[in-house]
Amino acid sequence: IMSLRSLLFAPLVLVGCGPSRVPAAPTIGVRITEPAEGATVTLPFTIRLEATGVRVVPADGQRTPGEGHHHLFFDVDPTQGESVIPKTNEIVHLGSGAAEFKVETLAPGPHRIIAVMANGAHIPLTGVATDTVNVSVAP
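Heads up: these notes are all about the structure in this document. (Residues numbered from 1 in each chain as written. Predicted model: local features only at pLDDT ≥ 70, side-chain atom pairs only at ≥ 80, totals over all residues. Heavy atoms only, no water.)

## Details of the nonpolar core
Reasoning step 1: Within the largest apolar cluster, 21 residues are counted, with the highest numbers of intra-cluster contacts made by Ile 32, Phe 45, Ile 47, Leu 49, Leu 72, Phe 74 and Ile 113.
Reasoning step 2: Of all the elements in the fold, those that place two or more residues in this core are strand S1 (29-34), strand S3 (45-52), strand S5 (67-74), strand S8 (109-118) and strand S9 (131-137).
Reasoning step 3: Excluding its chain neighbours within four sequence positions, the residues that come into contact with Ile 113 are Ile 32, Phe 45, Ile 47, Leu 72, Phe 73, Phe 74, Asp 131, Thr 132, Val 133 and Val 135.
Reasoning step 4: Judged by nonpolar contacts, the second largest core, of six residues, contains Phe 73, Ile 85, Val 116 and Ala 118. (Core = buried A, V, L, I, M, F, W, Y, C linked by side-chain atoms within 4.5 Å. Buried < 20%, exposed > 50% of the residue type's maximum accessible area, 1.4 Å probe, protein only. Helix = DSSP H or I, 4+ residues; strand = E, 2+ residues; numbered from the N terminus. Contact = heavy atoms within 4.5 Å.)

## Quick word on the pattern of salt bridges
Reasoning step 1: Summed over the entire model, instances satisfying the criterion amount to six salt bridges.
Reasoning step 2: Residues Arg 31 and Glu 50 are paired through a salt bridge, measuring 3.4 Å at the closest nitrogen-oxygen approach. Here Arg 31 is found in strand S1, whereas its partner Glu 50 is found in strand S3, with 19 residues between them in sequence.
Reasoning step 3: On the basis of relative accessibility, which here comes to 42%, the residue Arg 31 falls in the partly exposed class.
Reasoning step 4: For Asp 77, the salt bridge goes to Arg 112, with nearest N and O atoms at 2.8 Å. Separated by 35 residues along the polypeptide, Asp 77 in the loop between S5 and strand S6 (91-93) and Arg 112 in strand S8 bring together distant segments of the chain.
Reasoning step 5: Since its relative accessible area comes to 27%, Arg 112 is described here as partly exposed.
Reasoning step 6: Salt bridges linked by common partners bring Glu 34, Arg 48 and Glu 100 together as one network. (Salt bridge = Lys/Arg side-chain N within 4 Å of Asp/Glu carboxyl O.)

## Section: the side chain of His 111
Reasoning step 1: Take His 111: it is sitting in strand S8.
Reasoning step 2: Setting aside its immediate chain neighbours within four residues, His 111 contacts Asp 75, Leu 106, Val 133, Asn 134, Val 135 and Val 137.

## What about the environment of Ile 28?
Reasoning step 1: Among the structural elements, Ile 28 can be located in the loop between helix H1 (4-17) and S1.
Reasoning step 2: Classification of Ile 28 as partly exposed rests on a relative accessible area of 40%.
Reasoning step 3: In contact with Ile 28, other than residues within four places in its own chain, are Thr 52, Gly 53, Gly 127, Val 128 and Ala 129.

Set out below in C-alpha cells:
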C-alpha cells in the first residue's frame with residue numbers, strides 16, 4: 001500500500017524525470033494592448049501599443065538596429081520588405097515615439113488595425129512580429 005506522501009510526490013518525480021524543457025525565447029514584436037480583439041468601440045477611442053525586444057524611439061531617418069517606432073494600418077495591408085511606409089489616410093505614423101494613438105474619426109462598422117514597427121527611415125523592421133485587432137465602431 002502506497003502512503004499518501006508517495007501518491008502526492010509521484011507525479012512530481014515522473015515530471016522531473018522527463019526531458020528537460022528550455023523556455024521559448026521572447027518574441028520580438030509589437031502588440032496592441034487596447035482595444036481588445038473583437039471589441040465594439042465608440043469614438044473617440046485610444047489604441048495602446050506595447051513593444052517587446054525593440055526600443056521605441058522617435059523617427060530620426062536612421063536605420064539603427066533594435067530601435068523603431070509604431071505605425072498603424074487601418075483596413076490596408078502592411079508595407080512589405082524594404083519599402084518605405086507611405087503617408088496615406090489609412091496609415092498613421094507615430095514618429096514621435098508615442099505608444100498610443102487617439103482615433104477620432106473612423107466610419108461606423110468593422111475595421112482591421114495592424115501595428116507595425118519600423119526604423120527611423122520608416123522601413124518595417126525585419127523579424128519583428130506585427131499585431132492585428134479587428135474592432136467594430138459603433139454608429
